[in-house]
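Inside the fold
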Amino acid sequence: MRIALLISVGLLLATSGTAAAATPPFDLFPVVGGAHYTDDFGDARGGRSHEGNDLLSPCGTPAVAVVAGTVRLDYGDRSGWMVTLTGKDSWYRYIHMGVTGDASSAFAKGLKNGSTVKAGQVISYVGRTGDASGAPCHLHFELHFGDRVVTPYPWLQAATILQPDATDPAMMSAANSA
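Quick caveat: nothing in here was measured; it's all calculated off a predicted structure.

1. Quick notes on the packing of aromatic side chains
In this structure the tally under the stated criterion is 8 aromatic pairs. Pairing Tyr75 with Trp81 gives two aromatic rings, centres 4.8 Å apart and planes at 65°, and the pair type is edge-to-face. Judged by relative accessible area, which is 43%, Tyr75 ranks as partly exposed. Both rings, one in Trp81 and one in Phe107, keep their centres 5.5 Å apart while their planes meet at 80°; by these two values the pair is edge-to-face. Separated by 26 residues along the polypeptide, Trp81 in strand β6 (residues 80–86) and Phe107 in the loop between β7 (91–97) and β8 (116–117) bring together distant segments of the chain. Phe107 gets classed as buried once you look at its relative accessible area, which sits at 10%. Grouping aromatic residues by their ring pairs yields a cluster made of Phe26, Tyr92, Tyr94 and Phe141.

About the criteria used
Residues numbered from 1 in each chain as written. Predicted model: local features only at pLDDT ≥ 70, side-chain atom pairs only at ≥ 80, totals over all residues. Heavy atoms only, no water. Phe/Tyr/Trp six-rings, centres within 6.5 Å; stacked < 30°, edge-to-face > 60°. Buried < 20%, exposed > 50% of the residue type's maximum accessible area, 1.4 Å probe, protein only. Helix = DSSP H or I, 4+ residues; strand = E, 2+ residues; numbered from the N terminus.

Set out below in structure tokens:
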């Protein structure tokens, strides 16, 4: 009886762990209308390992929050304009956003450091800033669990792709294209 109980508890814990691990960290695709991409996570890039997937889409294409959370807006020489989205159990980086030297082509109107966003809300626009200047427009998308970066590819493959909504001014990207 005691052994059967221990086995049952072990199976319950194993099943619970599996179910929790199988829960996707996000289920929305970050680029409105989709993008062209491959599993380039881990590829060599300038002496470093590529820590995301590059999602190729025209400059100015809206990018949405893949989860509800808070955002931090930033700029770096390599990253260019960048959004860090912090959700409940994970965080995300949207890198190379916008096409100009100022933030107006990179971030959704009204978005500020510390803004709370909903899943599916436009937060940024695909671009080629930082070390992607002159490269095809794309969103470098990263997925992090604490200090650990992991490939977002399997979840990108299963994610729901939002389509442009002409009634949402943030989805009208003509002013953001190059």
